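The lines below spell out each chain.
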Amino acid sequence: GWLVFRSPPSSSKIRALWTYGLELSLGLLWAIVFFFFQSPLLGMLNMIVLVTTTIWMIIAFWMVSRLASLLVVPYLFWTVYALLLNGYIFVFNV
């Protein structure tokens with residue numbers, strides 16, 4: 001996010017930062033839904049939206065900073081892995 005934040009002003013930058021904020025909010029929401037409310041189903045649904053938003057964020061970052069975009073790719077892999085773990089917990093604990 002820092003590379004995008006430091007880039008020159010543009011509509012692409014604003015879009016990328018809004019996407020980044022949404023992605024951070026969804027990450028926090030997942031922790032609340034999964035751990036506090038103990039709902040693997042809602043956590044899994046949230047993770048699906050989070051993975052989709054992360055892909056959207058990579059595309060938005062690409063328009064502003066290709067390096068920033070590439071640095072988010074490992075996080076995408078992590079969120080997909082977390083989605084699979086969440087799905088496993090949902091399937092085998094419900």
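Preceding block: the structure.
Small disclaimer: the values here were computed from a predicted structure and weren't measured. (Residues numbered from 1 in each chain as written. Predicted model: local features only at pLDDT ≥ 70, side-chain atom pairs only at ≥ 80, totals over all residues. Heavy atoms only, no water.)

*Asks:* In this structure, what is going on with helix H4 (residues 66-93)? I would like to understand it.
*Replies:* Note: α-helices contain 3.6 residues per turn, so residues at a spacing of three or four share the same orientation. The end-to-end C-alpha separation of H4 is 41 Å, in line with the 40 Å expected for 28 residues at 1.5 Å each. By the burial criterion, the buried members of H4 are Ala68, Ser69, Val72, Leu76, Thr79, Ala82, Leu83, Asn86 and Gly87. Residues of H4 that are buried in the fold lie against helix H1 (2-5), helix H2 (11-36) and helix H3 (40-64). (Helix = DSSP H or I, 4+ residues; strand = E, 2+ residues; numbered from the N terminus. Expected span 1.5 Å × (residues − 1). Buried < 20%, exposed > 50% of the residue type's maximum accessible area, 1.4 Å probe, protein only. Contact = heavy atoms within 4.5 Å.)

*Asks:* Can you walk me through H2 in this structure?
*Replies:* Along its 26 residues, H2 runs 37 Å from first to last C-alpha, staying within 8% of the 38 Å computed at 1.5 Å per residue. Where H2 is concerned, the buried positions are Ser12, Lys13, Ala16, Thr19, Glu23, Leu26, Trp30, Val33 and Phe34. On the buried face of H2, the contacting elements are H1, H3 and H4. Phi turns positive, to about 50°, at glutamine 38, one or two residues after H2.

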